[in-house]
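Per-entry structural report
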Amino acid sequence: MKKELDWGNIGFGYRPTDYRFVSNYKNGAWDEGGLTKEATVTISESAGVFQYAQTCFEGMKAYTTEKGETVIFRPDLNAQRMADTCRRLVLPEYPVDKFVDAVAQTVKANIDWVPPYGSGATLYIRPFMMGTSPVLGVSPAAEYQFRVFASPVGPYFKGGIRPLRLRVSDFDRAAPNGTGHVKAGLNYAMSLYPIVEAHEQGYDENMYLDSRTRTNVEETGGANFLFVTKDGTVVTPKSTSILPSITRRSLMVVAEKYLGLKCEERVIPFEEVKDMAECGLCGTAAVISPVGKVENGDDVITFDTSAGNMGPTIRKLYETLTGIQMGRIEAPEGWIYKVD
Ligand SMILES: *Cc1c(COP(=O)(O)O)cnc(C)c1O
């Protein structure tokens, strides 16, 4: 029996579900792990996660397709990306196949919380890892916990899609050889001040430039950019300090293979942004959010949002990828993972 929730109006916030998956790492090995109802974690006050932010996370979603199946979009890529993040943060890797299995177990155990087809809502899945044993001198912890919880979330744009207003941030998101390319909690801790300030000033997001030269477009605090040039080429910034969004990588495949568009991943100087026709932000939460304006001081760049608050090409990309996810359009091999 599905939970009785007003799926269209649940918003995006933590709503504990019945079960979560927990596995602990001790003496150099992960235990079997399993489901638990316990939503609280009790660990040392000196745990690595508290003292030196030794933690990382992933974000993905489960949802109901048109045929009524419960599926997850490309969980193997989240597993792989978490393993990449773990290496950079000296966290012990959680095996890719076990990660996918843990996510599937969590979804299955909370199947009543997976929103129905057509509601616009999804079951957001949050796998994460943290250093649990005490540290005082700066060093990696000796023990870790891998945990997966799920929380139902409403449609990203309540009341319909709306073009976003961005500002070019004076702050930097990631150092050239830092941690921008991995999903570390610390990347978000330091983005809070700039995003709170942006919101106070009426902006939805920050556009970050590369911190070495401050001339090239990188990404926002939590989404990758995708631009469409005036001649219809889909371009996305290339940089070693951008987090490789699974949504953005999937959209590039959709653009090339499904829509027959020319695609490029290359350095995009901010100077070039004013010549772009369309702009969107890619991430799991909204798939692709249209950008209406990017402001840099008094300079305002505007983009085409004539196709129902989105650019026409971004609209097609959005319709095609969400169609693939919901089972209305045939998916490339391996993109849709069936839970039951
Ligand atoms: C998670 C994240 C994204 C989006 O990645 P998806 O895999 O598409 O959800 C983009 N940028 C940053 C900084 C992120 O942390």
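Before reading on, note that the structure itself is shown above.
This section reports on the structure supplied with the text. (Residues numbered from 1 in each chain as written. Predicted model: local features only at pLDDT ≥ 70, side-chain atom pairs only at ≥ 80, totals over all residues. Heavy atoms only, no water.)

**Some thoughts on the site of the ligand**
Heads up, the condition is: Proximity is defined per residue: if any heavy atom of the residue lies within 4 Å of a molecule or strand, that residue is considered near it. Polar contact is the term for a pair of N or O atoms within 3.5 Å; when the atoms are in protein, one must be able to donate a hydrogen and the other to accept it, and sequence-neighboring residues count only if both atoms are side-chain atoms. Computed with a 1.4 Å probe, the accessible areas rest on the Shrake-Rupley method; for each residue, only the protein chains presented here act as cover. For this classification, the nonpolar set comprises Ala, Val, Leu, Ile, Met, Phe, Trp, Tyr, Cys and Pro, the charged set comprises Asp, Glu, Lys and Arg, and every other residue, Gly included, is treated as polar.
In the vicinity of the ligand there are 15 residues, among which Lys-183, Tyr-188, Ser-245, Thr-247 and Thr-284 approach most closely. Here Ile-246 contributes a backbone N or O atom positioned 2.9 Å from an oxygen atom of the ligand. A distance of 2.6 Å is found between an oxygen atom of the ligand and a side-chain nitrogen or oxygen belonging to Thr-247. Protein chains bury 96% of the 380 Å² of accessible surface belonging to the ligand in isolation. Here the shell around the ligand is built from residues that sort into four nonpolar, seven polar and four charged.

**Some thoughts on the layout of surface pockets**
A water-sized probe rolled over the atoms picks out the places where empty space is left. Heads up, the condition is: Using protein atoms alone on a 1 Å grid, points that fit a 1.4 Å probe yet trap it form a cavity, whereas open point sets bounded by protein on both sides within 12 Å along at least five of seven lines form a pocket; residues with an atom within 4 Å of a point count as lining. Grid points are joined across faces, edges and corners, and a volume is the space filled by probe spheres set on the points. Note on conventions: DSSP H or I runs of at least 4 residues are helices, E runs of at least 2 residues are strands, and numbering of each starts at the N terminus.
Here the largest pocket is characterised by a volume of approximately 1200 Å³. Around the largest pocket, the lining comprises 47 residues; the ones closest to its centre are Phe-12, Tyr-156, Tyr-188, Gly-222 and Ala-285. At the level of secondary structure, the elements contributing two or more residues to the lining of the largest pocket comprise strand E7 (122–131), strand E8 (144–153), helix H4 (185–189), helix H5 (192–200), strand E10 (205–207), helix H6 (246–258) and strand E14 (276–283). Looking at side-chain class alone, the lining of the largest pocket contains 21 nonpolar, 17 polar and nine charged residues. The space that makes up the second largest pocket amounts to roughly 470 Å³. Of all elements in the fold, only strand E5 (60–64), E7 and helix H8 (312–325) reach the threshold of two or more residues within the lining of the second largest pocket. Taken together, the residues of the lining of the second largest pocket sort by class into 17 nonpolar, 10 polar and two charged.

**Looking at the side chain of Lys-183**
Let me state the cut-off plainly: Buried residues are those whose accessible area, probed at 1.4 Å on protein chains only, stays under 20% of the maximum for their type, while exposed residues exceed 50% and partly exposed ones sit between those limits. For the purpose of charge, His is not counted, nor are the chain termini; Lys and Arg are scored as positive and Asp and Glu as negative. The term salt bridge refers to a pairing of a side-chain nitrogen on Lys or Arg with a carboxyl oxygen on Asp or Glu at a separation within 4 Å. Pairs of residues are marked as contacts when any of their non-hydrogen atoms sit within 4.5 Å.
Within the fold, Lys-183 resides in the loop between strand E9 (164–168) and H4. Put simply, Lys-183 is tucked away with no salt bridge, and the nearest opposite charge, on Glu-58, sits 5.5 Å away. Setting aside residues no more than four positions away along its own chain, Lys-183 makes contact with Cys-56, Phe-57, Glu-58, Gly-59, Arg-81, Thr-85, Tyr-188 and Leu-243.

**Quick look at the pairing of strand E6 (residues 70–73)**
Across a regular strand the side chains alternate sides, sitting on one face of the sheet and then on the other. Condition: For two strands to be treated as a pair, DSSP must find at least two bridges joining them.
In E6, alternate side chains face the same way, and those of Thr-70 and Ile-72 on one face and Val-71 and Phe-73 on the other are all buried. Of the pairings in the sheet, the one linking E5 to E6 comprises three bridges and is antiparallel in character. Residue pairing across strands places Thr-64 opposite Thr-70, the latter belonging to E6. Connecting E5 to the antiparallel partner E6 that follows it, the hairpin turn spans five residues, and Gly-68 within it adopts a positive phi of roughly 90°. Alignment of E6 against strand E17 (residues 336–338), held across three bridges, turns out to be antiparallel. Bridge assignment links Val-71 to a residue of E17, and that residue is Lys-338.

**Here we look at unusual backbone geometry**
The residue Ala-53 is not glycine, and still its phi comes out positive at about 55°. Take Ala-53: it is sitting in the loop between helix H1 (48–52) and strand E4 (55–57). Take Ala-53: its relative accessible area is 29%, and that puts it in the partly exposed class. Even without a glycine there, the phi angle at Asn-309 is positive, about 70°. As for its placement among the helices and strands, Asn-309 is situated in the loop between strand E16 (299–302) and H8. With relative accessibility at 35%, the residue Asn-309 sits in the partly exposed group.

**Re the pattern of salt bridges**
What the rule picks out here adds up to 16 salt bridges. Across the pair Glu-295 and Arg-165 runs a salt bridge whose closest N-O atoms are separated by 2.7 Å. Separated by 130 residues along the polypeptide, Glu-295 in strand E15 (residues 287–296) and Arg-165 in strand E9 bring together distant segments of the chain. Assessed through its relative accessible area of 10%, Glu-295 is described here as buried. Judged by relative accessible area, Arg-165 falls into the partly exposed class, the value being 29%.

**Overview of the packing of aromatic side chains**
For the record, the criterion: Only Phe, Tyr and Trp rings are paired, with Trp represented by its six-membered ring, and only when their centres lie within 6.5 Å; those with planes under 30 degrees apart are stacked, over 60 edge-to-face, the remainder tilted. Whether a charge lies above a ring is judged from NZ of Lys or CZ of Arg, which has to be within 6 Å of the ring centre and within 35 degrees of the ring normal.
For the structure on display, the rule yields 15 aromatic pairs. Measuring from ring centre to ring centre gives 4.0 Å for Tyr-94 and Phe-146, while their planes differ by 15°; the resulting arrangement is stacked. Highlighted residues: Tyr-94 in the loop between helix H2 (75–88) and helix H3 (96–109) and Phe-146 in strand E8, separated in sequence by 52 residues. For Phe-146, a relative accessible area of 0% corresponds to the buried category. Every member of this aromatic cluster is reached through a ring pair, and the members are Phe-21, Tyr-25, Trp-30, Tyr-94, Phe-99, Tyr-144 and Phe-146. The cationic tip of Arg-165 hangs over the ring face of Tyr-203; the distance from NZ or CZ to the ring centre is 4.2 Å.

**Structural notes on the nonpolar core**
Our working definition: Only buried Ala, Val, Leu, Ile, Met, Phe, Trp, Tyr and Cys residues count toward a nonpolar core, and they belong to the same one when joined by side-chain atoms within 4.5 Å.
By size, the foremost hydrophobic cluster in this structure holds 44 residues, and its most contacted members are Met-207, Phe-227, Phe-270, Ile-288 and Phe-303. Sequence-distant contacts of Met-207, defined by excluding residues within four places in its chain, comprise Arg-167, Val-168, Ser-169, Val-217, Glu-219, Phe-225, Phe-227, Phe-270 and Val-294. Within the second largest apolar cluster, 32 residues are counted, among which are Phe-21, Cys-56, Cys-86 and Ala-184.

**Looking at H6**
Note the cut-off: Any helix carries an expected span of 1.5 Å times its number of residues minus one.
With 13 residues, H6 extends 17 Å between its outermost C-alpha atoms, agreeing within 8% with the 18 Å of an ideal straight helix rising 1.5 Å per residue. Turning to H6, its buried residues are Ile-246, Thr-247, Arg-248, Ser-250, Leu-251, Met-252, Val-254 and Ala-255. At the N-terminal boundary of H6, the capping side chain belongs to Ser-245, with an oxygen 3.2 Å from the backbone nitrogen of Thr-247. Following H6 by one or two positions, Gly-260 has its phi on the positive side, about 65°.

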